[in-house]
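# Fold and geometry: a report
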Amino acid sequence: MAEQRDGFWDRSADKVAKVGGSWPFIFGFFIFLMAWVGTNSIFLAKSSSAFDPYPYIFLNLVLSMLAAIQAPIIMMSQNRQAEKDRIAASHDYEVNLRSEIEILSVQEKLDILRNEQHVTLLDQQQEILALLRDIKGRDA
């Protein structure tokens, strides 16, 4: 139901959060960082003209920009997921409440049947006692 109302940007935020929070992304990004550092270190060692020499200021800028963009997108996705969870919890509560009402109704019906059985058993017991007295009175 909530999926139908999701817009392009909502779905995009979910996809970014899904990819950004995965092990393949972490491993891929680690490989990218090692390649960046390795390539620049090799160029610096060979010709002292690396694209981004140590301490890798441009890489730091790129990482900061990535974090500045990725963090709010992931938070938007988390907020959307939290809203979906609240809706699901509300539905679960309603279902549980209806179930409890049905259980109470069944319990009430069982109590009525049990009371009817008790009355029937007491009546039968009275009849049996009356018959036993009658038999005892004949024997005496």
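Below: a short report on this structure. (Residues numbered from 1 in each chain as written. Predicted model: local features only at pLDDT ≥ 70, side-chain atom pairs only at ≥ 80, totals over all residues. Heavy atoms only, no water.)

## Describing the packing of aromatic side chains
Definition in use: Here is the rule: rings of Phe, Tyr and Trp (six-membered ring for Trp) pair when centre to centre is within 6.5 Å. Planes less than 30 degrees apart are stacked, more than 60 are edge-to-face, and the remainder are tilted.
Counting across every chain of the model gives nine aromatic pairs. Here the aromatic residues Phe25, Phe29, Phe32, Trp36, Phe51 and Phe58 are joined through ring pairs into a cluster of three or more.

## Quick word on the pattern of salt bridges
Note the following rule: Each reported salt bridge corresponds to a side-chain nitrogen of Lys or Arg within 4 Å of a carboxyl oxygen of Asp or Glu. Strands here mean DSSP runs of E at least two residues long; helices mean DSSP runs of H or I at least four residues long; both are numbered from the N terminus. For every residue, the accessible area obtained with a 1.4 Å probe (protein chains only) is divided by the maximum for its type, and the residue is called buried under 20%, exposed over 50%, and partly exposed between those limits.
Tallied over the full model, the rule gives six salt bridges. Glutamate 83 serves as the salt-bridge partner of arginine 86, at 2.9 Å between the closest nitrogen and oxygen. In this pair, arginine 86 and glutamate 83 are both assigned in helix α4 (residues 57-139), three residues apart and thus about one turn of the helix distant. For arginine 114, the salt bridge is made with aspartate 111, and the minimal N-O distance between the two is 3.2 Å. Placement of both arginine 114 and aspartate 111 in helix α4 is noted, with a separation of three residues, approximately one turn of the helix. What makes arginine 114 partly exposed here is its relative accessible area of 40%. We classify aspartate 111 as partly exposed; its relative accessible area is 31%. By sharing partners, the salt bridges in this structure join Asp6, Asp14, Arg80 and Lys84 into a single network.

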